[in-house]
Amino acid sequence: MLKAENIKKSFGANEVLKGIDLSVEKGETVAVIGPSGSGKSTFLRCLNKLETIDGGSIEFDGEIIAENGKYKKDKELRPIISKMGMVFQQFNLFPHKSVIENITEAPVIVNKIAQKDAEAEAERLLADVGLSEKINEYPCNLSGGQQQRVAIARALAMNPKLMLFDEPTSALDPELTGEVLNVMKKLADKKMTMLVVTHEIAFAKEVASHVIFMDGGYIIEQGSPNDVLENPKNERTVKFLERVL
Ligand code: ADP
Ligand code: MG
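Keep in mind it's a predicted model, so treat the numbers as computed, not measured. Throughout, residues of each chain are indexed from 1 in the direction in which the sequence is written. Here every chain gets a letter starting at A, and every ligand a number starting at 1, in the order they are written. Local features are withheld for residues below a pLDDT of 70 in this predicted model, meaning they are given only at 70 or higher, and side-chain atom pairs are given and counted only at 80 or more; totals for whole chains, interfaces and linings count all residues. Remark: hydrogens and water are excluded; side-chain values derive from all non-hydrogen atoms of the structure.

Some remarks on the overall build of the chain
In step 1: Tallying secondary structure elements over the chain gives nine helices and eleven strands in all.
In step 2: Projected onto its principal axes, the C-alpha positions of the chain cover 50 × 45 × 30 Å.
In step 3: Residues counted as buried form 51% of the 245 residues belonging to the chain.
In step 4: Considering only intrachain contacts with a sequence separation of at least 6, the fraction spanning at least 24 residues in the chain is 63%.
In step 5: Total accessible area on the chain is roughly 11600 Å²; 46% of this is exposed by carbon and sulfur atoms.
In step 6: Counting rule for charge: Lys and Arg are taken as positive, Asp and Glu as negative, and neither His nor the chain ends is counted. The atom standing in for a charge is NZ when the residue is Lys, CZ when it is Arg, CG when it is Asp and CD when it is Glu. For the chain, the distance from the average position of its 31 positive side-chain charges to the average position of its 36 negative side-chain charges is 4 Å. Only DSSP runs of H or I reaching four residues or more are called helices, and only runs of E reaching two or more are called strands; each is numbered from the N terminus. Partly exposed residues are those whose accessible area sits between 20% and 50% of the maximum for their type, while under 20% is buried and over 50% is exposed, using a 1.4 Å probe and protein chains only. The contact definition used throughout considers only heavy atoms, calling two residues in contact when any of these lie within 4.5 Å. With residues, only the protein chains shown are counted as cover, and all accessible areas are computed by Shrake-Rupley using a 1.4 Å probe.

As structure tokens, this is what we get:
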């Protein structure tokens, strides 16, 4: 579903990604862990061109997104990237739009879905994330966990082939993380392909098919949750896990 090869990215003199190779198979949930500042968000953002790479290649769903550090033209890229859903740490809902308006906007405007059909789909997605009763609420009247579940429903409304999650529970009070992780677990059970940056080691152990540990712009260690989280081989992985567990 996704193949990134030798991804490099600098911000000025700060070389943040020093050659990242990562593949995600269809139906797989890949968890990315690593210390703050190790380039996890930057890597995710390069995949859908929220940031631009300096080197490397990205292939997604049989299409080339970037080759040798150069992205396809935006016009050709847009429909490809629209099949990657992204959920951010800070929910990023449109504050002046209701829950249903947040969910239907992109399907109607970008995918040209009929308003009625988009609304029916939004209702179905809201039921899936357990928020049917909030359909006409505004984001400011929702808890962080509810806002994040709406953000997930909004991403799913575009019928994505891959979901990117960037620390989706890091901004939440601890008692609200479970409801978001449960929604993500349900998605994984339904074989949605997911790339998840997270500090939730228990979630990664339970849900991920593959775990990546990033540090200093490199992938230091990767493998099954059992390999990386229970029997880490690299000293930096060991140290990181000691700190977060
Ligand atoms: P992580 O998500 O693993 O915490 P980030 O990808 O956010 O790491 O950041 C990696 C490094 O890149 C940090 O040193 C950060 O300061 C830098 N960085 C991230 N985004 C930008 C940006 N837009 N401009 C300049 N530096 C950035
Ligand atoms: Mg980050």
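Back to the write-up after that little detour.
Remarks on the UniProt feature "domain: ABC transporter" (unreviewed entry) in the chain
In step 1: UniProt positions are given in the numbering used here, feature names are shortened, and annotations may be inferred rather than shown by experiment. The UniProt feature table records "domain: ABC transporter" (unreviewed entry) at residues 2–241.
In step 2: Counted over residues 2–241, helix gives 38% and strand 27%. Its end C-alpha atoms are 27 Å apart.

Some words on the sheet that holds strand β1 (residues 2–11)
Sheet strands line up and pair through hydrogen bonds in the backbone, either parallel or antiparallel.
In step 1: Spatial strand order, β2-β1-β4-β5-β6: five strands in an open sheet with antiparallel pairing. Here the strands that pair on one side only, and so sit at the sheet edges, are β2 (14–24) and β6 (70–71).
In step 2: Relative to strand β5 (residues 63–67), strand β4 (residues 55–60) is paired through three bridges, and the arrangement is antiparallel. Within β5, the position partnered with Glu 59 by the bridge is Ile 64.
In step 3: With axes taken as lines fitted to C-alpha atoms, and helix axes fitted only over the stretch in contact, angles between N-to-C directions fall between 0 and 180 degrees. Together, β1, β2, β4, β5 and β6 form the strand contacts of helix α1 (residues 40–47), whose direction differs from that of β1 by roughly 120°. Any two strands between which DSSP finds at least two bridges are classified as paired.

Structural notes on the confidence of the model for the chain
In step 1: Residues with a pLDDT of 70 or more make up 100% of the chain, whose mean pLDDT is 97.
In step 2: Here the predicted complex carries an ipTM of 0.98, next to a pTM of 0.97. Scored between 0 and 100, pLDDT is the confidence that the predictor attaches to each residue.

Topic: helix α4 (residues 115–128)
In step 1: Here α4 spans 20 Å end to end across 14 residues, near enough to the 20 Å set by a 1.5 Å rise per residue.
In step 2: Those residues of α4 that fall on the buried side of the exposure criterion are Ala 118, Ala 122, Leu 125 and Leu 126. Buried residues in α4, looked at end-on, bunch into an arc of 100°, giving them a common side.
In step 3: Structurally, α4 contributes buried residues whose contacts are with α3 (99–109) and α5 (144–156). In this analysis, the expected span of each helix is defined as 1.5 Å times one less than the number of residues it contains. Note: the arc covers the axis-to-C-beta directions of the helix.

A look at the environment of Ile 53
In step 1: Mapping Ile 53 onto the fold places it in the loop between α1 and β4.
In step 2: Judged by relative accessible area, which is 4%, Ile 53 ranks as buried.
In step 3: Not counting the four nearest positions on each side in its chain, Ile 53 is found in contact with Ile 7, Lys 8, Lys 9, Cys 46, Ile 58, Ala 66, Gly 69 and Tyr 71.

Here's the deal with unusual backbone geometry
In step 1: The phi angle at Asn 68 is positive, at roughly 50°, despite the residue not being glycine.
In step 2: Relative to the helices and strands, Asn 68 resides in the loop between β5 and β6.
In step 3: On the accessibility criterion, Asn 68 (69% relative accessible area) is exposed.

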